[in-house]
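# Fold and contact review
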Amino acid sequence: MSEGLEARRAAIAAVHAVMAGKSALDGALNNTPEMRVMEARDRAFARQLAATTLRRAGQTEALLARFLNRPLPDNAALGRTILLVGAAQMLWLGTPAHAAVSSSVAIAKENKATERLAGLVNAVLRKVARAGRTDADRIPVVLNLPAWLRESWTKAYGGKRAAAIAEAVTRDPPLDLTVKNPADAEKWAEALEAKVLSTGTLRKAGIGDITALPGYAEGEWWAQDAGAALPALLLGAKTGERVLDLCAAPGGKTMQLAATGASVTALDASPKRLKRVEENLARTGLKAECVAADGRNWTAPQPFDAILVDAPCTSTGTLRRRPDVAYAKSPEDVASLASIQDDLVKAAFANLKPGGRMVICTCSLQPEEGELWLKRILAVEPGLKLDPVKPEELPGLREAVEKDGSVRLTPEMWANRNGIDGFFIARLIRRKA
C-alpha cells in the first residue's frame, strides 16, 4: 500500500493549493515534505499527476458529478481534490483502477478532514473506473478552461479554434532547447536524441532532469519553448549592436541575443530573478550587463540599436507548461497589466535610437495583451511604425503571420509536432524624423 503514496500525497497537496489560488504548481510541489525525500522518478510522477489533474479538471469534475448524489460541501474541498486526482490518474494517465482507488482511499483515511469520506471516495472512483476514458472523452474539452478564458478565446478565435487550443493545452509539453551556436544544432540533436524544428529549436520528447543531459554543464544549450525563442530571432540582433532585453528573466532571450555577438544589457525589476539570468549567462559563457531596475522609469546612458520588450502578462499562452495559470489569473489581471505593458513600451521608445528596432511580445492569448496592445501603441506613439514580419521569416509557421505582419502563435499550431506556446509578437521601428 505504501508504493506510490508519497507521490500521490504530494500531487494532491499541490493541486489543492493551486485550486485554492494559494500557489503556482512548482512552488506548491516543492513545498510538500514528500518532494524533498522522493527519488527523481517519483518526483516526476507527482508533477505529471498534478499537472494532468489541473489540465483536465473540467472534464474530470463533470464525470465525477454524475456519480455524486449531491455536490460536496465547501468544507470538503480536500476530499474533492482526492477524488479529482484519483479519477485523473485512471482517466488520463492509464493508472490501473485498483492502484488509483486503493491509494486514494488510503490517503483519505490518513486525514481527519477526509477520513469520513473514505467510503464515498471508494464508491465514486469505482464508478469512474467502470465509466472509463470513453465516457470522459465525450465531455467537451473546453470545460477544462475557466469560464472567462473559454468565453474570451471563443470570442477572439471562434468556437472551433478555441476548442483546438483547449485540446492542445491538455497535452504534456516536450523539452525545447536553444543551441548557443546554431551551426551545432544537428550535432546536439543527435547527442540529445532530439529533432531540429524549422525555426532552429531542438525538440526532445519528455522533460526529465535536464541537468543530466549532454551539453548542459558545458552551457551548449538552454531550455526555451520554440515560441519563446522567436521574439529574439525576429529582432535580428547583429554583432556590435547595442541591444536591450527589457524584463529579461529568466534569461533565455538574453542568451539568444548575446550569442549573436551584440552588446546586451539585461534589465529586470527583480534582483532575485536577475540572479537567474546571471547564473544562466555564467553556465553558457555568454556576456551581458545585468541591471536591476524598473524598466518603466529607467534611462540608458545612450540609446540602443534594438530593444526587446517581453512584457509581464497573464501568461495564458503557457497553460500546457503552467496549468496553474488558469487558476491564478482573472479578467482583472488583463486590465491591470495593460498599463504596465503600455508604460514599458513608452520607456523603451525613449531609449531607442532613431531608426532602431523594437520587438514587443507577450506569452498571452488575450487580444488585450496582443493585437489590441499593438493598436494602442501605434495610436499614441506616432514615432513608431510597424515593421511587418514576412512569412518566410518563420519557416513552418507561416500561418502565424497575420495580415498586418504581426505574429499570433496559438498552442494548436504544430499539432503534429506536439504544439507550441501561445505568443503575440510585433516588430516596430522608431521613425528617423
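It should be emphasised that the depicted structure is a prediction, and the values quoted were computed from it without experimental measurement. (Residues numbered from 1 in each chain as written. Predicted model: local features only at pLDDT ≥ 70, side-chain atom pairs only at ≥ 80, totals over all residues. Heavy atoms only, no water.)

## Points about the pairing of strand β12 (residues 423-430)
The criterion, for reference: For each residue, the accessible area found with a 1.4 Å probe, counting protein chains only, is set against the maximum for its type, and the residue is called buried under 20%, exposed over 50%, and partly exposed in between. In this text, helices come from DSSP runs of H or I with a minimum length of four residues, and strands from runs of E with a minimum of two, each type numbered from the N-terminal end. Two strands form a pair only when DSSP identifies at least two bridges running between them.
Most of β12 is tucked away: seven of the eight residues are buried. The sheet contact formed by strand β9 (residues 352-362) and β12 spans six bridges and is antiparallel. Its bridge partner lying in β12, R357 is registered against I429. Sheet topology places strand β10 (residues 384-386) next to β12; three bridges connect them, and they run antiparallel. Across the sheet, L384 pairs through a bridge with R430, a residue of β12. Bridge count between strand β11 (residues 407-409) and β12: three bridges; the pairing is antiparallel. Residue pairing for β12: R408 is matched across the bridge by F424.

## Describing the sheet that holds strand β2 (residues 195-196)
For clarity, the threshold we go by: What makes two residues a contact is simply this: any of their non-hydrogen atoms within 4.5 Å. An axis is simply a line fitted to the C-alpha atoms; with a helix, the fit covers only the stretch in contact. Between two such axes, the angle follows the N-to-C directions and lies from 0 to 180 degrees.
One open sheet accounts for four strands, arranged β2-β3-β1-β4; its pairing is antiparallel. The sheet is open, and its two borders are formed by β2 and β4 (221-223), each paired with just one other strand. Bridge count between strand β1 (residues 175-179) and strand β3 (residues 202-204): three bridges; the pairing is antiparallel. Considered in β3, the bridge of D176 is made with R203. Sitting on the sheet, helix α10 (residues 185-192) is in contact with β1, β2, β3 and β4, with an inclination near 5° to β3.

## A few points about the packing of aromatic side chains
Note the cut-off: Pairing of aromatic rings covers Phe, Tyr and Trp, the last through its six-membered ring, and needs centres within 6.5 Å; plane angles under 30 degrees mean stacked, over 60 mean edge-to-face, and all others mean tilted. Consider the ring centre and the ring normal. A charge sits over the ring if Lys NZ or Arg CZ is within 6 Å of that centre and within 35 degrees of that normal.
Applying the stated criterion across every chain yields a total of two aromatic pairs. Judged by centre distance (5.7 Å) and plane angle (55°), the rings of Y216 and W221 are tilted. Centre to centre, the rings of W298 and F304 are 6.3 Å apart; their planes meet at 35°, and the pair counts as tilted. Like F304, W298 is buried. Taking the ring centre of Y216 as reference, the NZ or CZ of R283 above it sits at 4.0 Å.

## Description of unusual backbone geometry
Omega for the peptide link from A249 to P250 comes to 5°, which places this bond in the cis form. Phi at S315 takes a positive value of approximately 60°, unusual for a residue other than glycine. Mapping S315 onto the fold places it in the loop between β8 (304-310) and α14 (325-328). The residue N418 is not glycine, and still its phi comes out positive at about 80°. By the secondary structure assignment, N418 is in the loop between β11 and β12.

## Digging into the nonpolar core
This is how the line gets drawn: In plain words, nonpolar cores are sets of buried Ala, Val, Leu, Ile, Met, Phe, Trp, Tyr and Cys residues tied together by side-chain atoms within 4.5 Å.
L25, L64, L83, L125 and V128 are the most contacted members of the largest nonpolar core, which totals 50 residues. Listed by contribution, the elements that provide at least two residues to this core are α1 (5-19), α2 (25-30), α3 (40-55), α4 (57-66), α5 (77-93), α6 (97-110) and α7 (118-137). It is α1 that provides the largest number of residues to this core, a total of 10 residues. In contact with V128, not counting residues within four places along its chain, are L63, L64, F67, A87, M90 and L91. Grouped together as the second largest cluster of nonpolar side chains are 40 residues, L235, M255, V401 and W414 included.

## Observations concerning helix α8 (residues 147-157)
What counts here: Our arc is simply the arc of the directions from the helix axis toward the C-beta atoms.
Taken as a whole, α8 has its buried residues at W148, L149, S152, W153 and Y157. Looking down the long axis of α8, one finds its buried residues gathered within 125° of arc, a one-sided arrangement. Facing away from the buried side of α8 by over 90 degrees, the exposed positions are E151 and K155. Residues of α8 that are buried sit in contact with α9 (159-168), α15 (331-350) and β11.

## Digging into the packing of α1 against α5
Where we set the bar: Roughly parallel here means an angle under 35 degrees, roughly antiparallel means over 145, roughly perpendicular means 65 to 115, and every remaining angle is called oblique. Take the far helix as your reference; a near helix turned counterclockwise from it by less than a right angle gives a left-handed crossing, and one turned clockwise gives a right-handed crossing.
At their nearest, the axes of α1 and α5 sit 9 Å apart, and the two run at 120° to each other. Regarding the angle of α1 to α5, the classification is oblique. For the element pair α1 and α5, the recorded crossing hand is right-handed. On α5, the residues that touch R8, I12, V15, H16 and M19 of α1 are A77, L78, R80, T81, I82, L84, V85 and Q89.

## Things to note about the packing of α8 against α9
We count it as follows: Throughout this entry, Asp, Glu, Lys and Arg are counted as charged residues, while Ala, Val, Leu, Ile, Met, Phe, Trp, Tyr, Cys and Pro are counted as nonpolar. The remaining residues, Gly among them, count as polar.
At a minimum axis separation of 7 Å, α8 and α9 run at an interaxial angle of 130°. By the angle class used here, α8 and α9 are oblique. Note on packing geometry: the crossing formed by α8 with α9 is right-handed. Here α8 contributes W153, T154 and Y157 to the contact with α9, which in turn contributes G159, R161, A162 and I165. Across the contact of α8 with α9, the residue classes break down as four nonpolar, two polar and one charged.

## A few points about the pattern of salt bridges
We apply this condition: Salt bridges, as used here, are contacts in which a Lys or Arg side-chain nitrogen is within 4 Å of a carboxyl oxygen on Asp or Glu.
Under the criterion given, the structure shown has 22 salt bridges. Salt-bridge contacts for R321 lead to D225; the nearest nitrogen and oxygen are separated by 2.9 Å. In this pair, R321 is assigned in the loop between β8 and α14 and D225 in the loop between β4 and α11 (230-235), connecting sequence segments 96 residues apart. In the salt-bridge network here, residues are joined through shared partners; they are D176, R203, D225, R320, R321 and D421.

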